[in-house]
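What the coordinates show
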Amino acid sequence: MTDTTLAFTHGGPHQLADIGIVHDGPAPKRIVTGYGFWIFLLSDIVMFSCFFASYAVLVGQTAGGPHGSQLFDLRSVAVETGCLLLSSFTCGLASIAADVRNERGFQVAMAVTCILGLAFLALEGREFAGLVAQGAGPTRSAFLSSFFALVGCHGMHVSAGILWLLTMMAQVFAKGFRADILRRLLCFALFWHALDIIWVAVFSVVYLLGSAV
Amino acid sequence: MSNQVQEMHDHHDVAPGDEDEVRVGPRLLGYAAGLGLAILLTAMSFFIAGTDLVWQPSIPVAIVVLAIAQMGVHLVFFLHLTTGADNTNNILALGFGLLIVFLVIGGSLWIMANLNHNMMPMDQLMQMQR
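Conventions adopted
- The residue numbers shown here count from 1 along each chain, following its written sequence.
- All chains are assigned letters beginning at A, and all ligands numbers beginning at 1, according to the order in which they are written.
- With the structure being a predicted model, the display of local features is reserved for residues of pLDDT at least 70 and the display and counting of side-chain atom pairs for 80 or more, all residues being used for whole-chain, interface and lining totals.
- Comment: elements are numbered from the N terminus, with helices defined as DSSP H or I runs of at least four residues and strands as E runs of at least two.
- Burial is judged by counting the other C-beta atoms within 10 Å of a residue's own C-beta: 20 or more makes it buried, 12 or fewer makes it exposed, and any count in between marks it as partly exposed, with every C-beta position built from the backbone.
- Note that contacts rest on C-beta atoms placed from the backbone: two residues are in contact if these are within 7 Å.
- Working definition: the nonpolar core is a set of buried Ala, Val, Leu, Ile, Met, Phe, Trp, Tyr and Cys residues, joined through C-beta atoms within 7 Å.
- As a working rule, the residues Ala, Val, Leu, Ile, Met, Phe, Trp, Tyr, Cys and Pro are called nonpolar, Asp, Glu, Lys and Arg charged, and the rest polar, with Gly in that last group.
- Domain delimitation follows an automatic or database domain assignment.
- One less than the residue count of a helix, multiplied by 1.5 Å, gives the span that helix is expected to have.
- Every axis in this analysis is a line fitted to C-alpha atoms, fitted for helices over the stretch in contact. Angles between the N-to-C directions lie between 0 and 180 degrees.
- When describing relative orientation, an angle under 35 degrees is termed roughly parallel and one over 145 degrees roughly antiparallel, while 65 to 115 degrees is termed roughly perpendicular and anything else oblique.
- Each crossing is labelled by how the near helix is turned from the far one, with a counterclockwise turn of less than a right angle marking it left-handed and a clockwise turn marking it right-handed.

Attention now goes to the overall build of chain B. The number of helices and strands found in chain B is 5 helices and 0 strands. Looking at chain B residue by residue over its 130 residues, the buried ones come to 21%. Of all intrachain contacts in chain B linking residues separated by at least 6 positions in sequence, the fraction that spans at least 24 positions is 59%.

Given below as structure tokens:
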């Protein structure tokens, strides 16, 4: 960073600084990587908004089948939410541990994050299996198709996130806190926190509004 | 010269998720505050969804407002988005993303409600096809 800054002050931008425009040169790789991943996350959120739109349009089309208020178990949803919120917190702890180069703390925080994510997936899988067992599978009505598509898509994201988490634990174990590994960790933390934001929308719109109305 | 370099360091961008603080204490406190607020807001929405203490038609509005508040808490405390000058790019991208999200969801609901409103009731339609 300092090298590029010094190099640039000898060249053209030196004059620009006189009229108040300061050029740092190219942004550090960490900034570029984080920003690019942020754009990906926003496009992912736009994709989820399509699933939300289809759910909102189809929520009343039950084809004589059960409504959400007859199907959803809010207690299980509350535990799932708690798991994801806590996992977001422990993921934050892992980022702090990585920034202070505390490998043991990092691995422990990531392991706890992984266990909480797996608990979330287990609860969601149990809920889906229960719905299918009582004849409310995705083929029952348009409402249930859109429900399984939306909630299942979030669940697949969590599964992918857990695979990524385990990869990061292995990479830190094998390669240590190199600069490229730290950039991947930044992206993983962004991904995990963004999944939490989407879950907030899911439990509010699907489960709470579904059983309140 | 060194003054100028110092000034340049003050203008650097931050990546989304980045924090300026390197010390552990304040960052830990930030995550803990975010977790506390998120749990509080979640508990409130779950409580409001099941209660009959408030006027019933207000419940969906309250749940939506609490959800938006909680997303804001997550963005600020976990993703570290701020209104600072170094975060302008991240905020602009977020703003554009939100515009698309509202167009997709609002537009779908609007169009489908309009179609439903203008469509003949299903039983009449079925009779016409016979």
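Here we come to the nonpolar core. Among the nonpolar cores identified, the biggest contains 74 residues, and Leu190, Val202 and Val206 of chain A are the most heavily contacted of them. Taken together, the elements giving at least two residues each to this core come down to helix H3 (29–58), helix H5 (74–99), helix H6 (103–133), helix H7 (142–175) and helix H8 (179–212) of chain A together with helix H2 (24–50) and helix H3 (58–77) of chain B. A total of 22 residues in this core trace back to one element, the largest contributor, which is H8 of chain A.

Facing 46 residues of chain A, the contacting portion of chain B comprises 47 residues. Sorting the residues of the side of chain A that touches chain B by element identifies helix H1 (2–10), H3, H5 and H8 of chain A as the ones contributing at least two each. With 15 residues, the top contributor of residues to the side of chain A that touches chain B is H3 of chain A. Residues that form the side of chain A that touches chain B fall into these classes: 32 nonpolar, 10 polar and 4 charged.

Here the domain parsing of chain B yields domain 1 (18–80) and domain 2 (85–130). Distance between the C-alpha centres of domain 1 of chain B and domain 2 of chain B: 27 Å.

All names here are of chain A. Structurally, the position occupied by Val100 is in the loop between H5 and H6. Exposure remark for Val100: the 13 C-beta atoms within 10 Å place this residue in the partly exposed category. Sequence spacing of Val100 and Phe177 is 77 residues, and the spatial spacing of their C-alpha atoms is 9.9 Å.

So, on to H3 of chain A. Each turn of an α-helix holds 3.6 residues, which means side chains three or four residues apart point in the same direction. Over its 30 residues, H3 of chain A runs 44 Å from end to end, which matches the ideal 44 Å to within 8%, given 1.5 Å per residue. Listed in full, the buried residues belonging to H3 of chain A are Gly34, Phe37, Trp38, Leu41, Leu42, Phe48, Ser49, Phe51, Phe52, Ala53 and Tyr55 of chain A. Against the buried residues of H3 of chain A lie H7 and H8 of chain A together with helix H4 (88–118) of chain B.

Interaxial distance between H8 of chain A and H2 of chain B falls to 8 Å at its minimum, and their mutual angle equals 25 degrees. Put simply, H8 of chain A runs roughly parallel to H2 of chain B. Relative to H2 of chain B, the crossing made by H8 of chain A is right-handed. Residue-level contacts link Ser204, Leu208, Ser211 and Ala212 of chain A of H8 of chain A to Ser45, Phe46 and Ala49 of chain B of H2 of chain B. Of the residues assigned to the contact of H8 of chain A with H2 of chain B, the class counts are 4 nonpolar, 3 polar and no charged.

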